[in-house]
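The chain contents come next:
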Amino acid sequence: MNINIETAVGQNYLQVKEGFDESLFTKLSPPFPPVKLLRFDGSKKGDVVTLELDFIVFKQKWTSLITEDLTDENEFYFVDQGTELPFFLKEWKHKHRIIKKGSGSIIRDEITFKAKPGFLGILLYPAMFLQFLYRKPIYKKYFKTES
């Protein structure tokens with residue numbers, strides 16, 4: 001299953017790159033399930049991010065490894081790949097792209113996931129889509145053009 005969501009923001013892509021830190025990460029966490037950040041190394045190749053998802057009656061650990069990162073004259077991106085996933089996910093890959101656009105930039109979340117069992121992906125898709133749609137107003141506020 002694939003999800004692609006774009007958000008236009010007012011800051012230059014290199015400013016946005018600098019803002020992709022632990023503080024932003026905690027702001028992006030949706031209200032449900034509550035997320036506890038256990039480890040945040042950053043967004044460079046080799047970094048690790050570990051979360052604990054609290055589903056009230058049980059908790060699930062989610063660990064991702066940053067497998068790629070690149071900065072050039074047009075964009076910055078990094079890819080997190082799930083290495084320890086909640087029981088309902090088989091695979092997870094999330095490419096975070098910040099693309100130069102005039103004086104601002106586009107933040108593009110490109111997510112690919114597989115559920116287990118596979119048919120569960122159809123049920124999970126709306127929830128996953130909403131989790132990332134939730135980020136749009138946060139990105140816009142966090143990376144608005146400074147006056």
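Refer to the structure presented above.
It should be emphasised that the depicted structure is a prediction, and the values quoted were computed from it without experimental measurement. (Residues numbered from 1 in each chain as written. Predicted model: local features only at pLDDT ≥ 70, side-chain atom pairs only at ≥ 80, totals over all residues. Heavy atoms only, no water.)

Visitor: Quick question: what am I supposed to make of the overall build of the chain here?
Guide: A tally of helices and strands in the chain yields four helices and seven strands. Listed N to C, the secondary structure of the chain is β-α-α-β-β-β-β-β-β-α-α in terms of helices and strands. For the C-alpha atoms alone, the extent of the chain along its principal axes is close to 45 × 30 × 25 Å. When each of the 147 residues of the chain is scored for burial, the buried share is 42%. Taking the intrachain contacts of the chain between residues at least 6 apart in sequence as the baseline, contacts between residues at least 24 apart amount to 51%. Counting every atom, the chain has about 8300 Å² of accessible surface; 56% of that belongs to carbon and sulfur. Treating the 22 positive side-chain charges of the chain as one cloud and the 19 negative ones as another, the clouds have centres 4 Å apart. (Helix = DSSP H or I, 4+ residues; strand = E, 2+ residues; numbered from the N terminus. Buried < 20%, exposed > 50% of the residue type's maximum accessible area, 1.4 Å probe, protein only. Contact = heavy atoms within 4.5 Å. Areas by Shrake-Rupley, 256 points an atom, 1.4 Å probe, with all protein chains shown as cover. Lys, Arg positive; Asp, Glu negative; His and termini not counted. Charge placed at Lys NZ, Arg CZ, Asp CG, Glu CD.)

Visitor: Can you walk me through the packing of aromatic side chains in this structure?
Guide: Aromatic ring pairs are defined here through the distance separating the ring centres and the angle between the ring planes. Taken as a whole and assessed by the stated rule, the structure comprises 15 aromatic pairs. Here the aromatic rings of Phe-25 and Phe-40 are separated by 5.6 Å at their centres, their planes lie at 45 degrees, and the arrangement is tilted. In this pair, Phe-25 is assigned in helix 2 (residues 22-27) and Phe-40 in strand 2 (residues 35-40), connecting sequence segments 15 residues apart. For Phe-40, a relative accessible area of 21% translates into the label partly exposed. Measuring from centroid to centroid gives 5.0 Å for Phe-55 and Phe-58, while their planes differ by 20 degrees, and the two rings are stacked. Here Phe-55 falls in the buried class, since its relative accessible area comes to 17%. Judged by relative accessible area, which is 33%, Phe-58 ranks as partly exposed. (Phe/Tyr/Trp six-rings, centres within 6.5 Å; stacked < 30°, edge-to-face > 60°.)

Visitor: Looking at this structure, I do not really get the pattern of salt bridges. What am I missing?
Guide: If charged atoms from side chains of opposite charge come close, those side chains can pair. Per the counting criterion, the structure on display carries eight salt bridges. The salt bridge partner of Arg-108 is Glu-6, with a shortest N-O separation of 2.8 Å. Note that Arg-108 is positioned in strand 7 (residues 104-115) and Glu-6 in strand 1 (residues 2-9), a separation of 102 residues in sequence. Note on Arg-108: relative accessible area 19%, which makes it buried. Between Arg-135 and Asp-109 there is a salt bridge, and its shortest N-O distance comes to 3.8 Å. In this pair, Arg-135 sits in helix 4 (residues 135-142) while Asp-109 sits in strand 7, placing the two residues 26 residues apart along the sequence. Classification of Arg-135 as buried rests on a relative accessible area of 11%. (Salt bridge = Lys/Arg side-chain N within 4 Å of Asp/Glu carboxyl O.)

Visitor: Would you mind going over the side chain of Arg-97 with me for this structure?
Guide: Mapped onto the elements, Arg-97 comes out in strand 6 (residues 89-101). A polar contact is formed between the side chain of Arg-97 and the side chain of Glu-110, at a distance of 3.1 Å. Sequence-distant contacts of Arg-97, that is, excluding residues within four places in its chain, are made with Glu-75, Phe-76, Tyr-77, Ile-106, Ile-107, Arg-108 and Glu-110. (Polar contact = N/O pair within 3.5 Å; in protein donor to acceptor, adjacent residues only side chain to side chain.)

Visitor: What am I meant to see in the pairing of strand 6 here?
Guide: Consecutive residues of a regular strand have side chains that alternate between opposite faces of the sheet. Relative to strand 6, strand 5 (residues 75-84) runs antiparallel, the two sharing seven bridges. Bridge pairing in strand 6 places Gln-81 opposite Lys-93. Taken together, strand 5 and the strand that follows it, strand 6, pair antiparallel across an intervening segment of four residues. As judged from the twelve bridges shared by strand 6 and strand 7, these two strands associate in the antiparallel manner. The residue of strand 7 that forms the bridge with Leu-89 is Ala-115. The hairpin turn running from strand 6 into strand 7, its antiparallel successor, is two residues long, and Gly-102 in that turn takes a positive phi close to 60 degrees. (Pairing = 2+ DSSP bridges.)

Taken by themselves, the reported measurements are silent on function.
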